[in-house]
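# Observations on the model geometry
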Amino acid sequence: MIGNESDNPRHIPRAHIYPGTPKLARTFSMSKALPKSSSTRGTSDSASAGPQSGTSDQQISTQRFGGRRAVGAATGDDWDFFWCDVGWIRESFDHFYMEEHVRICHFRNHYELTRKNYMVKNLKRYKKMIEREYGKHEATRLDFFPATFELPSEYHIFVEEFKRNPGSTWIMKPVAKSQGKGIFLFRKLKDITDWSKIGFVHRDTDDKSEKDVPETYVVSRYIENPCLIGGRKFDIRVYVLVNSYIPLKAWLYRSGFARFSNTRFSLDTITDSFIHLTNVAIQKTAPDYDPEKAKGRRIIGLGGVRVMVAKQGCKWSLQQLRTYLTAEYGYMETITLFRLLDDIIIKSLQSVQKVMINDKHCFELYGFDVMIDSNLKPWLIEVNASPSLTASSTSDYHLKVGLLHDVLNVVDMENRIFRLSGSEKRVGGFDLIWNDGPVAAPDAIWESGQLPVYPTNTFLGCYNDRDIQLKQLYRSLEKAD
């Protein structure tokens, strides 16, 4: 599965049917395992075209999902929204006809941004274009990803770079795996030359007659000076929703989280995954990991400001992280950091805008993973096409349920109910940050003194009063009618 995290939705229902819609006419399917069927929404040549009909009453488990009626399995061929995995896009998209209103949760060639090697290739190409058209100074704004090479195709180029930086630490990652699988660090070229004899090979098949197929990896300069909190390394997860590439229209979610390593950072050893990898799938195997245990720290920042923050399951919310950074490093330094984060998101999307196959049926919820160094410079690590929806703690559950609600609100499948005008700059926890150009913050925000963290309409890490905002939005839409 390309660029895909584990997305076993233990707490997330697989289908949504909204109140007031008769005869199950509007079915929202959220499924990972795809039964074999065709769909009345069009014709299909694929055996796995979409949700399957014929589900018995005993197979359907109905429960409440925050006011939306949820059904535990797809209830027929008549569906309008499909939360599919990337495998379905790869295998079935070209064989499937969709009516005007149908929506699915991936773009056709999403991998241009979410596969590690393609992401770097597109960023390098975009940087060269910016340098050619606008000069070297403007191109430096894309210096937010470490020196990275694709192996084995760029092995000799990597060796030259390696020799120019003796003693540096490098990190190897397979391009099509997630959850920290296959990742390791090294400092000596001998380590990789010995490993390359066996490491570049797929052995996923039992057919001995097939030749071994080289597996693609990326090798990147390891960030040796990460920003530490409590002596521990962390990265942050930011959610971005794109519902069009032509023109580019992107929404940034206010909430997210920072993922911490379970062990204090040290470069004395490079083989301990609990030190160097922040993936929850890795950290939850630590002997003392407890997803519900909150660890509080009282922090005295600049100006004697006291801040109490709590870490749950090796995670902080982005609101907690921003509070800490403001207390520790100061208001303006934190504002600058978050502006750089916004720049990373916009420029990453622009780097693939011309190669992405735009489709009115498609949207994408991206999970951006960013690391911060000791100089408060953010570095893009990777972009996930299927960010994990599995909740690792109670607070994580509430974040992801709210996130999914707001994705559906922005996509606005049931527009006869919500009647979004298309001019909204905020829907729930999502702020519109780019709409064929930067989006200015509403005048009311500036007048209230609640300034955005970017000159445009972005509020990453700010208070997420999504329930209150949605009520106000619905009331304003009702008055407009």
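Above this text you will find the structure in question.
### Remarks on the overall build of the protein chain
For the protein chain, the count of helices and strands is 14 helices and 22 strands. Expressed as a percentage of its 481 residues, the buried residues of the protein chain come to 55%. Summarising the internal contacts of the protein chain: among those between residues at least 6 apart in sequence, 66% fall at separations of at least 24. Surface accessibility of the protein chain: about 22,200 Å² in total, with carbon and sulfur atoms responsible for 51%.

### Things to note about the packing of helix H3 (residues 116-134) against helix H10 (residues 331-353)
Contact pair H3 / H10: the axes reach a minimum separation of 9 Å and the direction vectors enclose 90°. Here H3 is positioned roughly perpendicular relative to H10, judged by the angle of their axes. Contact residues: H3 offers Asn-122, Leu-123, Arg-125 and Tyr-126, while H10 offers Lys-347, Ser-348, Gln-350, Ser-351 and Val-352.

### Some remarks on the pattern of salt bridges
Opposite charge on two side chains makes pairing possible when the charged atoms of those side chains draw close. Going through the model one piece at a time under the given rule, you end up with 17 salt bridges. Close ionic contact of Arg-141 with Asp-343 constitutes a salt bridge, the shortest N to O distance being 3.0 Å. Here Asp-343 lies in helix H10 and Arg-141 lies in the loop between helix H4 (136-139) and strand E7 (148-151), a separation of 202 residues in the sequence. A relative accessible area of 10% places Asp-343 in the buried class. Between Asp-406 and Arg-466 there is a salt bridge; the shortest N-O distance is 2.7 Å. Note that Asp-406 is positioned in helix H11 (residues 394-411) and Arg-466 in helix H14 (residues 466-480), a separation of 60 residues in sequence. Each of Glu-138, Arg-141, Asp-343 and Lys-347 takes part in one network of salt bridges that share partners.

### Points about the nonpolar core
Judged by nonpolar contacts, the single largest core of 86 residues is most densely connected at Ile-104, Val-240, Tyr-245, Leu-349, Tyr-366 and Phe-368. The contact partners of Ile-104, leaving out residues within four places of it in the chain, are Trp-79, Phe-82, Cys-84, Trp-88, Ile-89, Phe-93, Met-98, His-361, Cys-362 and Phe-363. Of all hydrophobic cores here, the second largest spans 13 residues; its members include Leu-151, Met-172, Tyr-217 and Val-219.

Calculation rules
Residues numbered from 1 in each chain as written. Predicted model: local features only at pLDDT ≥ 70, side-chain atom pairs only at ≥ 80, totals over all residues. Heavy atoms only, no water. Helix = DSSP H or I, 4+ residues; strand = E, 2+ residues; numbered from the N terminus. Buried < 20%, exposed > 50% of the residue type's maximum accessible area, 1.4 Å probe, protein only. Contact = heavy atoms within 4.5 Å. Areas by Shrake-Rupley, 256 points an atom, 1.4 Å probe, with all protein chains shown as cover. Axes fitted to C-alpha atoms, helices over the stretch in contact; angles between N-to-C directions. Parallel < 35°, antiparallel > 145°, perpendicular 65-115°, else oblique. Salt bridge = Lys/Arg side-chain N within 4 Å of Asp/Glu carboxyl O. Core = buried A, V, L, I, M, F, W, Y, C linked by side-chain atoms within 4.5 Å.

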